[in-house]
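Analysis of the macromolecular model
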Amino acid sequence: MAFIGDAGRVDGSWELTIFVTDLQEECTLRVKGDLHVGGVMLNLVQTLDIAQDWSDHALWWPEQNMWLLRPRSTLDQCGVQADARLHFTPMHKNLRVQLPDLQVHNLRVDFSTKCFSAVVQLAKELGIRHPEELSLLRKWDKDDLKRVAKEVTKYKKKKDSGETAPGPLSPNGTLHSSSGSIDGKLSPYPSRSPLGPSPTSTLVRSGGTSMSISAYNTINGSMTPGSMHSLSFEGSMESSLANSPPVPSKEAFQYLYRPKNFAEKARINCAWLDSSRSLMEQGVNENDFIMLKFKFFNFYDLNPKYDPIRINQIYEQAKWALISEEIDCTEEEMMVFAALQFQAQLQSGLPQNDCVDGSGGPGPLPVEQDEVGAALADLQSSLEGSSISTHGDITHIPELADYIKFFKPKKLTLKSYKRYWTTFKDTHLAFYRSREEASGPSIMRINVRGCETQPDVNLATKKYGIKLFVPDSDGMSEICLRFEMEEQYCRWMAACKLASKGRTMADSSYESEVSALQSFLGMQHPSAAPVITPAQVDIQPEDFIAPRFFKKIKAKSIVQRIMEAHANVRDMGLTEAKMAYIKAWQSLPEFGITYFRIRMSNNKKEELLGVASNRVIRMDLNTGDSIKTWRYNLLQTWHVNWENETVILDFEDQKVTFEPIECSCKTVHEYIGGYIFLSTRSQDKNQSLNEELFHKLTGGWS
């Protein structure tokens, strides 16, 4: 109702209702449309007349799902009228954040800033470098994977905001068992170590962030376990993040997804929050349960000297991804992962002297260069002089030549492998009937650039093979190569991996790629005599091995095989074992591929889209077989058509348009733009994080 003053004139003012969340009461102000947001908050605080720090508070408009954060904007410019009901609420709120190692921390998070900025601040408080690799995702129940994700999202928005996190929580927010105990007390972690029982100390946390606990306890005048040890709290938290307490798989599985097929793997990725919108705008409420995980699998400068927490959290995420079967591996590979995990647990209780200066220790993981980065490196090499050749002659491109077996699978075929003299030069495979005919024309020539490479190895049967999915006019054709020796396989596999990225064996990374393959296979060879016998250890195989392997291997045999594999890694330190685990994880065919269910334009069939750090892959939804691959170095533009909710990728030779079926098109677009953003990171360790560029590349506009 318009206000009529003493002179009998209407002054154009009206009443605005504001709910103060801290006081749980409403306040009514008389305002005009030309009053700016900052003036509204000032008038409100003066009206309340309460001695309190209101600097972290802002106006939130629930009906419009938006913050009023620009203090100079007027109510008219914001669209606020008399029927609006605003909230005056803190921008920083408590959030229960689960880290990749499954620990849950009560942290204060900015609910008003973009999710990307909130993650940057979270990572800073947790001591994790390169926060651009991380993001937040919602916790969905296991039954949610069986329903359409869009329906689940709508259902979640209607649920009561006071819902508690699933599963039991200890006082510090970490997992605990309802039955496990030490001396009659509940323990959030197993009371055993791999070599026998030893009680485990736990870190008790009270509400708020690690930085504000001491102040929190002082203000409230209470003596809690957190206040008694406030001086050592930060160091204790850092220690628990860099060396996570073990969690039994039975307890962890209530927090982990166990997808049964590619469709369920794709549904998991519908839970990621939009990096360009605030938490409040996406329906996240105070004290909600949210997960912080590594979203982009392009780890920059992973250095043991500076990244003990980051290395541990990546290791933990890789470990649980393998145990929960989010990513597949062979039986031999699983035993290597279990052995490395066992070694890490053995070393976790011992003093460490890991070398981090490059003089014999694990050293940093090299930056993974994709085609964009490789093109910049080639330009730099041409200007500064190249060091890519390992043969002393920079004009020489190494060549592989040997007898190998070749097979091209076809439907209803009974043909087997044929032996050819094969050469590999640049990015081409050439096949000849014999070595003597190599000087003449080849009977077949294949360009491996842009192909998908998959290992086909079984050490028990001495099977060393490579599956190549090579682009052709019909999509991707499968080619199988078979080798006689392990050394031969490693050199050809490394060459195929580089050639798929458009790089040759002259690249400086070729020898390191060969060494990595040899090292990983070497760890898979069982030792003749394990250093530790199964009788000496007290471990539960299900805490080390994915459940599917229990169908064909007995528990006792699994422990024996883990100990045999452990003999090959027994000399590794804690950080070295974790780094070896990460590198082995990165060598798996499925590593770094994020799945989405899509429908290509003018096609009713549902398919799978795999988004990786350097390419997108069109795949079969049921089998996961590659149909077509497009690499980012050929990508010219990418954007979203918001009207029909489609993603458009404009490559040099083809325009690809598809519609995500279950998740938002923004989610898929953000993955692609995010990886392109990560490829812009240079070798300069002092570079600043360009948030503006990230949002420009991931926002969805051309």
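A brief look at the structure comes next. (Residues numbered from 1 in each chain as written. Predicted model: local features only at pLDDT ≥ 70, side-chain atom pairs only at ≥ 80, totals over all residues. Heavy atoms only, no water.)

Our focus in this paragraph is the pattern of salt bridges. For the coordinates displayed, the defined rule picks out 30 salt bridges. Of the charged contacts, one joins Lys265 and Asp328 as a salt bridge, the two residues approaching to 3.8 Å between their closest N and O atoms. Taken as a pair, Lys265 in helix 9 (residues 262–268) and Asp328 in the loop between helix 10 (308–323) and helix 11 (331–347) lie far apart in primary sequence, 63 residues in all. Since its relative accessible area comes to 8%, Lys265 is described here as buried. Taking relative accessible area as the criterion, Asp328 reaches 34% and is therefore assigned partly exposed. A salt bridge links Lys463 to Asp456; its shortest N-O distance comes to 3.1 Å. Residues joined in a network through salt bridges with shared partners are Arg129, Glu132, Glu133, Asp301, Asp307, Arg310 and Arg681. (Salt bridge = Lys/Arg side-chain N within 4 Å of Asp/Glu carboxyl O. Helix = DSSP H or I, 4+ residues; strand = E, 2+ residues; numbered from the N terminus. Buried < 20%, exposed > 50% of the residue type's maximum accessible area, 1.4 Å probe, protein only.)

Okay, the state of the cysteines next. This structure, assessed with the given rule, holds 0 disulfides. Free cysteine Cys270: the closest other cysteine sulfur is in Cys663, separated by 4.3 Å. (Disulfide = S-S within 2.5 Å.)

Turning next to the nonpolar core. Nonpolar side chains tend to gather and get buried jointly when the protein is soluble and globular. Among the nonpolar cores identified, the biggest contains 118 residues, and Phe337, Trp585 and Leu649 are the most heavily contacted of them. For this core, the element with the most residues is helix 11, which contributes 10 residues. Contact partners of Leu649, with chain neighbours within four places excluded, come to Val616, Leu635, Thr637, Trp638, Gln654, Lys655, Val656, Phe658 and Ile672. Ranked by size, the runner-up nonpolar core spans 33 residues in total, among them Phe483, Trp492, Tyr510 and Leu521. (Core = buried A, V, L, I, M, F, W, Y, C linked by side-chain atoms within 4.5 Å. Contact = heavy atoms within 4.5 Å.)

The residue Gly673 is located in helix 17 (residues 665–679) in this model. Sequence separation of Gly673 and His639 is 34 residues, and the distance between their C-alpha atoms is 9.2 Å. Setting aside residues no more than four positions away along its own chain, Gly673 makes contact with Trp638, Leu697 and Thr698.

The subject of this paragraph is the packing of aromatic side chains. Across all of its chains, the model carries 31 aromatic pairs by this definition. Between Trp54 and Phe88, the ring centres sit 5.6 Å apart and the planes meet at 35 degrees, which makes this aromatic pair tilted. Of this pair, Trp54 sits in the loop between helix 1 (37–48) and strand 3 (57–61) while Phe88 sits in strand 5 (residues 85–90), placing them 34 residues apart in sequence. Look at Phe88 and you get buried, because its relative accessible area is 1%. Measuring from ring centre to ring centre gives 6.4 Å for Tyr464 and Tyr489, while their planes differ by 35 degrees; the resulting arrangement is tilted. (Phe/Tyr/Trp six-rings, centres within 6.5 Å; stacked < 30°, edge-to-face > 60°.)

The buried fraction of strand 21 (residues 594–600) is high, at 6 of 7 residues. Hairpin geometry of strand 21 and strand 22 (residues 606–611) is characterised by an intervening segment of 5 residues between the two adjacent antiparallel strands and by a positive phi of about 60 degrees at Asn602. Bridge analysis of strand 21 against strand 27 (residues 655–660) gives 3 bridges, and the strand direction is antiparallel. Bridging across to strand 27, Arg599 finds its partner in Glu659. (Pairing = 2+ DSSP bridges.)

This part covers the pairing of strand 3. Across the 5 residues of strand 3, 5 count as buried, placing the element largely inside the fold. Of the two faces of strand 3, the one holding His57, Leu59 and Trp61 and the one holding Ala58 and Trp60 are both buried throughout. By the bridge criterion, 3 bridges tie strand 3 to strand 4 (residues 66–68) in an arrangement that is antiparallel. In the strand pairing of strand 4, Leu59 is matched with Leu68. Taken together, strand 3 and the strand that follows it, strand 4, pair antiparallel across an intervening segment of 4 residues, in which Asn65 is found at a positive phi of about 55 degrees.

Such coordinate-based values are descriptive only and should not be taken to indicate function.
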